[in-house]
Amino acid sequence: MKTLVDKLIENRTLTRDEFITLINSRNEEISEYIFENARRTSEKHFGKNVYIRGLIEFTNYCRNDCYYCGIRKSNANCERYRLSKEEILQCCKNGYDLGFRTFVLQGGEDGFFSDDDMCDIISQIRQAYPDCAITLSFGERSYDSYKRFFESGANRYLLRHETADAEHYKKLHPKGLDLENRKKCLYHLKEIGYQVGTGFMVGSPYQTVENLVDDLLFIKEFSPHMVGIGPFIPHGDTIFADEKPGSLELTLFLTGIIRLMLPNVLLPATTAVGTVDPLGREKSILAGANVLMPNLSPAGVRSKYLLYDGKICTGEEAAECRVCLQKRVESIGYKIVVDRGDYVPEV
Ligand code: 5AD
Ligand code: FES
C-alpha cells in the first residue's frame, strides 16, 4: 500500500482503480504515512503557518431545498435572518481588529440581495479594507453576476460541487438542481479570475467509495485553489435526519490525499470536522489542512445558521474563537498568521 502512496506523491494522482484500492484497504499505518507526507508537503509551502478567514453568515434565507441542509427552504423551524450592510461592515471591523485579512460572505441563495446590493456591499468592504481578500460563498449565479461581483472587488468564491457523480447529486438535491450547472458555475468563476474553492461532504447519504474517488478525480481535473471537505452531519429538520454522520477518520484520510494531490492548495480544517470531534480541527491540520474559518457573525444570529446539528461556536463571540483557535493551533506546534493567505502558484 505504501507504494501506492509513493506513486500518489510522485504523480500527484492515481488511477480510479488505484484510488479505490487505497481507500478500501486503508489502515492506521497507511493513514499515518499519508499524514506525515501531507504535513511535510504543507510545511514546504506554508511552513507552520495557518491562515484564518472570518466567516460572515449574512443570510440564512435560501431558495433551495437541498435534502441535507438545515437552512433548506422547507425547514419551517429555521428562524430566518438577514444582516444589514451596516452589520456586515461591523463584522468586518471586528474581524480586522482581531487580525483577519480575509472576509468570507457566506449565505443561502437569497433573492432579497440583488446583484446591485451585493456589488454595493462588496465595494464598500473593498474600499474600507484595501489590504483584505473578499471571498464570496452564496451559491449559483449567472456568469454576469459573478463578473460584476469580481469587478466590485471580490477575489475568491467558494462553491462546493458536493458530489461529482450526477446520479448521486440527484439523490441529495431536489429537481432543478444539477451537477452540470454546478460545474458550469465553477468554470465560470475560474474564467473570470476568482481564486475558486470547491469540495464535498464525506459520508453523505448514498455515497459510495467510487463516488469519493470521482470527487478526487474531479478535483484533480478542475484544480481549484481551495478545497473544503467535511463529514456529513444530519440535521433533525431535514429528510436525512436519521442518516448516519460521515466519519472523521475517512475525512482526515481524504484531507491527506488532497494535500498530496494539490501540494499548494488552501485546505481548511472545517467547522464540521470540529463538530464531530472536539480535536477534529487539530487532527485535520496534522493531516495536511492549513486554513481555519471561524465565525465573525454577530452572536445573536449564529445559532440560526445551522446547516447541521451540534454546530460548534454558536455561543461564542468572534474574539473568543480567535483566542481559542490560537491556543489550539499552538498546541500542535503551528501558528496563526495575520495574512491574506492568497493562493500562490507553484514555480
Ligand atoms: N452536514 C455537513 N455539511 C453540510 N453542508 C450543508 N449541510 C451539511 C450537513 N448537513 C455543507 C455543504 C455546503 C457547505 C456550506 O456546508 O457541503 O456546501
Ligand atoms: Fe470557537 Fe473554539 S473556535 S470556541
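### Digging into the overall build of the chain
Turning to step 1, where the next piece is worked out: Helix and strand counts for the chain stand at 14 helices and nine strands.
Turning to step 2, where the next piece is worked out: What you see for the chain is a C-alpha radius of gyration of 19 Å, in line with the 20 Å of a compact globule of 347 residues.
Turning to step 3, where the next piece is worked out: In terms of overall dimensions, the chain has a C-alpha envelope of 55 × 45 × 40 Å along the principal axes.
Turning to step 4, where the next piece is worked out: Counting over 347 residues, the chain shows a buried share of 57%.
Turning to step 5, where the next piece is worked out: Taking contacts inside the chain between residues at least 6 apart in sequence as the whole, the part at least 24 apart equals 75%.
Turning to step 6, where the next piece is worked out: Carbon together with sulfur atoms contributes 50% to the accessible area of the chain, which is approximately 14100 Å² in total.
Turning to step 7, where the next piece is worked out: Of the charged side chains in the chain, 44 are positive and 49 negative; the average position of the first set lies 2 Å away from that of the second.

### Focus on the sheet that holds strand β7 (residues 226-231)
Turning to step 1, where the next piece is worked out: With parallel pairing, the six strands of this open sheet are ordered in space as β2-β3-β4-β5-β6-β7. Only two strands of the sheet have a single partner each, and these edge strands are β2 (54-59) and β7. Averaged over all neighbouring strand pairs, the angle between strand axes comes to 20°, with direction disregarded.
Turning to step 2, where the next piece is worked out: Where strand β4 (residues 133-137) lies against strand β5 (residues 156-158), two bridges are found, and the strand directions are parallel. The residue of β5 that forms the bridge with L136 is Y157.
Turning to step 3, where the next piece is worked out: Sheet contacts for helix α8 (residues 179-192): β5 and β6 (195-202); angle to β6, the most-contacted strand, approximately 155°.

### Observations regarding the site of ligand 1
Turning to step 1, where the next piece is worked out: Taken together, the residues surrounding ligand 1 are Y68, C69, R160, E162, M201, P231, F232, I233, L307 and Y308.
Turning to step 2, where the next piece is worked out: In this structure, a nitrogen atom belonging to ligand 1 sits 3.0 Å away from a main-chain N or O atom of Y68.
Turning to step 3, where the next piece is worked out: L307 places a polar main-chain atom, nitrogen or oxygen, 3.4 Å from a nitrogen atom of ligand 1.
Turning to step 4, where the next piece is worked out: For ligand 1, whose free accessible area comes to 400 Å², the fraction covered by protein is 86%.
Turning to step 5, where the next piece is worked out: Looking at the shell around ligand 1 residue by residue, the classes come out as eight nonpolar, no polar and two charged.

### Quick notes on the environment of R259
Turning to step 1, where the next piece is worked out: Within the fold, R259 resides in helix α10 (residues 248-261).
Turning to step 2, where the next piece is worked out: It is 25 Å that separates the C-alpha atoms of R259 and H168, two residues lying 91 residues apart in sequence.
Turning to step 3, where the next piece is worked out: Beyond its immediate chain neighbours, meaning those up to four positions away, R259 contacts A38, T41, S42, F46, N264, V265, L267, G288, A289 and N290.

### A few points about the pattern of salt bridges
A side chain of one charge can pair with a side chain of the opposite charge if their charged atoms are brought near each other.
Turning to step 1, where the next piece is worked out: Overall, the coordinates contain 24 salt bridges when judged by the stated rule.
Turning to step 2, where the next piece is worked out: Of the charged contacts in the structure, one is a salt bridge between K311 and E57, with a shortest N-O distance of 2.9 Å. Of this pair, K311 sits in the loop between α13 (299-302) and α14 (318-331) while E57 sits in strand β2; the two residues are 254 residues apart in sequence, bridging distant segments of the chain. The same class applies to K311 as to E57, namely buried.
Turning to step 3, where the next piece is worked out: We note a salt bridge from R148 to D116, for which the minimum N-O separation is 2.7 Å. One end of the pair, R148, is in helix α6 (residues 143-151); the other, D116, is in helix α5 (residues 115-128), with 32 residues separating them in the sequence.
Turning to step 4, where the next piece is worked out: In this structure R148 comes out as partly exposed when scored by relative accessible area, which is 34%.
Turning to step 5, where the next piece is worked out: Salt bridges sharing partners connect three or more residues here, namely E140, E162 and R182.

### Overview of the pairing of β7
The two faces of the sheet receive side chains in turn, since in a regular strand these alternate between them.
Turning to step 1, where the next piece is worked out: Counting buried positions over the six residues of β7 gives six, a clear majority of the element.
Turning to step 2, where the next piece is worked out: Alternating positions in β7 separate into two faces, M226, G228 and G230 on one and V227, I229 and P231 on the other, with burial throughout.
Turning to step 3, where the next piece is worked out: Handedness of the β6-helix α9 (residues 209-222)-β7 crossover: right-handed.

Thresholds applied
- Residues numbered from 1 in each chain as written.
- Chains lettered and ligands numbered in written order.
- Predicted model: local features only at pLDDT ≥ 70, side-chain atom pairs only at ≥ 80, totals over all residues.
- Heavy atoms only, no water.
- Helix = DSSP H or I, 4+ residues; strand = E, 2+ residues; numbered from the N terminus.
- Rg over C-alpha atoms; globule rule 2.2 N^0.38 Å.
- Buried < 20%, exposed > 50% of the residue type's maximum accessible area, 1.4 Å probe, protein only.
- Contact = heavy atoms within 4.5 Å.
- Areas by Shrake-Rupley, 256 points an atom, 1.4 Å probe, with all protein chains shown as cover.
- Lys, Arg positive; Asp, Glu negative; His and termini not counted.
- Charge placed at Lys NZ, Arg CZ, Asp CG, Glu CD.
- Pairing = 2+ DSSP bridges.
- Axes fitted to C-alpha atoms, helices over the stretch in contact; angles between N-to-C directions.
- Near = heavy atom within 4 Å.
- Polar contact = N/O pair within 3.5 Å; in protein donor to acceptor, adjacent residues only side chain to side chain.
- Nonpolar A, V, L, I, M, F, W, Y, C, P; charged D, E, K, R; others polar.
- Salt bridge = Lys/Arg side-chain N within 4 Å of Asp/Glu carboxyl O.
- Right-handed = clockwise from strand over helix to strand, strands pointing away.

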